[in-house]
Amino acid sequence: MSMPEAVAPEASVQEAGRPPPLARIEVLERDGRLREALSVRAWPVTLGRAIDNDLVLDDPHIAAYHAVIEAGPEGEPRLRVLPGRNGMRSGRRVLPAGGAPVALDELAAPARPASTAAAPREASPTAATASPSTLAAGTVELSAGGVRLRVRRATDPLEPEREWAPARQAHAGTLVLAVLLWLWVLAEHAIGLDPGNKASDWLPPLVGAPVALAGWCLVWALASKIFQHRFEFWPHLAVAVRGLLAVEVATFVLLWLSGLSGWPGFARVVTGATAAIGVVTLWAHARLVLPQQRRPLAWASAAAYLAGAAILLALNQQRQERWFAELYSAMLPPPVLMWQTPTPAEAFVQRAERLRPALEKSSLEAAAEQKEKGDDGEEE
Amino acid sequence: MGHNAPMPEFRLPPWRARCVAGLVAGLATAGLLAAGLLAVGVTHAQPLVPAPTPSAASAPVPGTLALPGLAFPTTAPALPTPDASQRAFASARERLLQVRTLLRGQDSQASVGSGFLVTDEGHLITNYHVVSQFALKPSQYRLVFATADGRQGALQLLDIDVVHDLALLKVADPSVLAGRGVLNFRPESEPLQRGERIHALGNPLDVGFAVMSGAYNGLAERSYLPVIFFGGSLSGGMSGGPALDERGRVIGINVAARRDGEQVSFLVPAPFAQQLLARGAKAAPITEPVYPRLVQQLTAHQEGLTQAFLAQPWRASGHAHYTVPVPQEKVMRCWGRSTPPDARGLLFERSDCTMDSRIFVGSGQLLGHIVVRHEAYDGRRIGAIRFIDRYSRSFRNEAFGSASRQLSAPHCTEDTVMGRGLPLRAVMCLNAHKKLPGLYNVSLLVATLDGSMQGVQGRFDAYGFSFANAQKLAAHYLAGFGLQAAGAAGAAAAAPRKGTAP
């Protein structure tokens, strides 16, 4: 069926004798799922707890007759919150009980640039699971007590139909990466085993690693099920596989860079780099679970990482008198890859002289502290 | 260190039973930690009264107590009469004191040991480790004596000899102990014979004054500092007590015992106590922490040890491809082990060389000694890729001590270094002794880099050395790594060092 999107086919809506719908009022669960909907063909519409309302809202924080949406002088729908205790809200705007009527147009979500509205990057990793709760332009969101309402009007523009991207395509890349990761783990295991090992030695990477990964993704998928009502196993697998692979590759590259260059800085940042990848991975999982909270989650993740790093660095400095726990670079390059020019042994030993000021400083500090406290406040 | 390696000697634990684990980190591969557990403590030894039985010690014993490593078994000495030790104990009993370290301001004892009167003015000798708490923190502790008959009084610390673990004390009010007489030292001109009966006096575990009789076995072998090997039992609480010959003359001071054997105990030779007495008898009482004196004595000790160590060429390790620095076993003891020949993984041979002589400075601090270790790896059974993995892993995870009240954090430098024709990865770490300015622990970690399936990793540790000597020892150690000359494999690994010795 290819037909212009915003034009209603004549026969289907224009039912015999009934006026066309003006609006649709939807009652949403706290998590955004639709609980019930009322098709409005004539204003006014009354909202409240009493059963003779047009829309009955069963919530103790709602008055018997809580609000009414009525046509204004020009026929435009207006919300009038009736006298009562709690009033209503629309976004951050408070609509006090008994206040003046407010045109729904004032409360409508602003139209967004088309690029944003339809951009695939708004969608989660697989386009098919694009968030349904993205507010369409013109929609009015209201809340009263614990009830969320959404008002869509016939005049609101509709977003163009999105393309349905079959999930399988998106999964192909993930599968390739998952196999790569598995091969990586198997290779590491093979190197770790001595020759002549038993077949059972291969159980951990062959069975344990895939099962552990699947279990991890299962837990996240269950979280998605709870919050999004979708069991998003594959999207979580995509996140986990990429994260783990990134950790493996980063560790490998940094350690070898350190070994080959002889510069210990590369080895020192391994912990920080892998932790950063871990935090990003967790954030990616979390944003699948709570897509509306992506930005706060990103800030929280970054803040947690920075706070963790600061604490770790400070502890290292306090306990070890240095910023990084790694004392020396432990990767020894094979002879064919060793391109550094060795230092003469005497020069190396002489260079230890450079350590002397820092060493003497710590004993001077201890002596000063001792003098301050009398002979020695040591307790054991 | 291997399970068959002996535990180092124990100083007699004090009745406060403080144990100090001196953990010596081993090379990092699979469980190759060398762990030397040292119990440091002092117990007090109550004096035995020597019976004036003349001993048959007239055979010439070569060497005085000042030289290590003499002893061969000689003919059995004359057996003492059954009551010899009884009489020894009875006559020495009055001159034995229990030395107690009390917390200042209260009467609870922090540790107890023994001591004995050596002059009529009230000088007494004990171990440094009996009084180390007071010596390091005189504002927190005080020293008192107690006699077998229940008298008590204050003690003053006059001088210490930390290297030989001796301290010279004086009774604050000599009149309290007037007329008790003194224990005399056996003249050096009358050396004891091996096998001769001697009696260690003390108060083991604070149970009561006791005599522990045993045999004189000469000086302990391979000990840098001379100590008498006493074939008898010493327990915590006897530290600082005298060991007497059959005529009641002091030949040594109880100091330590091995816990992994039976009746393997050690005495400080008496001449060191005589020297301390001569040096410090007129000294003013110590009221400040003795750190400056410790630094002075330890500095002199490490100077001598460094020179002696540098003067020795490395000996052959027996490796076919490399020369590896392995110390002479004159003052060190080396233990080796290797993977079983049918092992299917990385093969290695390991050597751990440690010194028996370690100087107790304070709780947990044993200085003035050297540890040399290495592991030779053969990866031909596992191939080059696995070898790289295992070899790097082995190089990782070496510990270099962490910051504490006594020690600074390690500060390290690392580089690829050229040994004698052999590229090496070397990591050199130093920790400063915060309270012993000028003294450092130095650790040098070395791995050979020329082999894709074989290599040697070594570690050298020296505890309590000057910066200059730490550098000299490190250079000496690095110079011990090289390639075997073609055709001379296995021989003459003790190649001459480059001129790094003083």
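Conventions adopted
Residues numbered from 1 in each chain as written. Chains lettered and ligands numbered in written order. Predicted model: local features only at pLDDT ≥ 70, side-chain atom pairs only at ≥ 80, totals over all residues. Helix = DSSP H or I, 4+ residues; strand = E, 2+ residues; numbered from the N terminus. Buried ≥ 20, exposed ≤ 12 C-beta atoms within 10 Å, placed from the backbone. Contact = placed C-beta atoms within 7 Å. Nonpolar A, V, L, I, M, F, W, Y, C, P; charged D, E, K, R; others polar. Pairing = 2+ DSSP bridges. Domains from an automatic or database assignment. Axes fitted to C-alpha atoms, helices over the stretch in contact; angles between N-to-C directions. Parallel < 35°, antiparallel > 145°, perpendicular 65-115°, else oblique. Left-handed = near helix turned anticlockwise from the far one by under 90°. Core = buried A, V, L, I, M, F, W, Y, C linked by C-beta atoms within 7 Å.

Some points on the overall build of chain A
Secondary structure assignment for chain A yields 11 helices and 12 strands. Here chain A holds 380 residues, and the buried ones make up 22% of them. In chain A, the proportion of contacts linking residues at least 24 apart, taken out of those at least 6 apart, comes to 50%.

Quick notes on the interface of chain A and chain B
Residue-level contacts link 44 residues of chain A with 58 residues of chain B. Looking at the side of chain A that touches chain B, the elements with two or more residues in it are α9 (294-320), β12 (343-344), α10 (345-351) and α11 (356-372) of chain A. Ranked by residue count, the leading element in the side of chain A that touches chain B is α11(A), at eight residues. Grouping the amino acids of the side of chain A that touches chain B by side-chain chemistry returns 22 nonpolar, nine polar and 13 charged. Strand direction decides the pairing type here: β12(A) and strand β22 (residues 411-418) of chain B, joined by two bridges, are parallel. In the sheet register, A:Thr343 faces β22(B), and the bridge partner there is B:Val417.

Some words on the domain arrangement of chain B
Residue and element names in this part refer to chain B. Under the domain assignment, chain B is made up of domain 1 (84-287) and domain 2 (296-483). Relative placement of domain 1 and domain 2: their C-alpha centres are 37 Å apart. Counting from both sides, the interface comprises 12 residues of domain 1 and, opposite them, 16 residues of domain 2. Sort the elements by how many residues they give to the side of domain 1 that touches domain 2 and helix α2 (residues 128-136) lands first, with three residues.

Let's talk about the pairing of strand β4 (residues 96-103) of chain B
Residue and element names in this part refer to chain B. Along β4, six of the eight residues are buried, which leaves the element largely enclosed by surrounding structure. As judged from the seven bridges shared by β4 and strand β5 (residues 109-117), these two strands associate in the antiparallel manner. Across the sheet, Gln-98 pairs through a bridge with Ser-114, a residue of β5. Hairpin connection, β4 to β5: the antiparallel pair is bridged by five residues, and Gly-105 has positive phi, about 95 degrees.

Here we look at the packing of helix α4 (residues 291-311) of chain B against helix α6 (residues 467-479) of chain B
Residue and element names in this part refer to chain B. Following both chains from N to C, one finds α4 and α6 inclined at 15 degrees, their axes separated by 11 Å at the closest point. When the axes of α4 and α6 are compared, the pair comes out roughly parallel. Relative to α6, the crossing made by α4 is left-handed. Contacts from Gln-302, Glu-303, Thr-306, Phe-309 and Leu-310 of α4 reach α6 at Asn-469, Lys-472, Leu-473 and His-476. The residue inventory of the contact of α4 with α6, partitioned by class, reads three nonpolar, four polar and two charged.

Observations regarding the nonpolar core
Counting residues in hydrophobic clusters, the biggest one holds 147 residues, and the most contacted among them are B:Phe266, B:Ala474 and B:Leu478. If you look at the next biggest cluster of nonpolar residues, it comprises 23 residues, including A:Val40, A:Ile62, A:Leu79 and A:Met88.

Quick notes on the sheet that holds strand β6 (residues 123-126) of chain B
All names here are of chain B. Read around the closed barrel, six strands run β4-β5-β6-β9-β8-β7, paired in antiparallel fashion. On average, adjacent strands in this sheet sit at an angle of 40 degrees to one another, irrespective of strand direction. Against the sheet, α2 makes contact with β4, β5, β6, β7 (141-147), β8 (152-161) and β9 (166-171), and its axis sits at roughly 100 degrees relative to β8, the strand it touches most.

Regarding the environment of B:Pro289
For B:Pro289, the position within the fold is in the loop between α3 (270-280) and α4. B:Pro289 sits 150 residues away from B:Ser139 along the chain, and the two C-alpha atoms are 8.5 Å apart.

Structural notes on the sheet that holds strand β3 (residues 45-48) of chain A
Either a parallel or an antiparallel arrangement is found when strands of a sheet pair, and the pairing is made through backbone hydrogen bonds. Residues and elements named next belong to chain A. The mixed open sheet is built from five strands, whose spatial order is β4-β3-β5-β6-β9. Looking at strand neighbours, the two that pair on one side only are β4 (55-56) and β9 (102-103), the edges of this open sheet. When strand β5 (residues 67-71) meets strand β6 (residues 77-81), the two strands line up antiparallel, connected through five bridges. Bridged to Ile-69 within β6 is Leu-79.

Description of unusual backbone geometry
The phi torsion of most residues other than glycine is negative, and most of the peptide bonds are trans. The omega torsion of the bond from A:Trp43 to A:Pro44 falls at -5 degrees, within 30 degrees of zero and hence cis. Mapped onto the elements, A:Pro44 comes out in the loop between β2 (34-40) and β3. Phi angles above zero are rare outside glycine, and B:Arg222 is one such case at about 60 degrees. Topologically, B:Arg222 is positioned in the loop between β11 (210-219) and β12 (228-231). Even without glycine at this site, B:Gln263 takes up a positive phi of about 55 degrees. With respect to the helices and strands, B:Gln263 occurs in the loop between β14 (250-257) and β15 (265-269). Take B:Gln263: there are 14 C-beta atoms within 10 Å of it, and that puts it in the partly exposed class.

Notes on the packing of helix α5 (residues 203-228) of chain A against helix α8 (residues 270-289) of chain A
All names here are of chain A. In the contact formed by α5 and α8, the axes pass within 8 Å of each other and the chain directions differ by 30 degrees. Contacts between α5 and α8 pair Trp-220, Ala-223, Ser-224, Phe-227 and Gln-228 from the former with His-285, Leu-288 and Val-289 from the latter. For the contact of α5 with α8, a count of residues per class yields five nonpolar, three polar and no charged.

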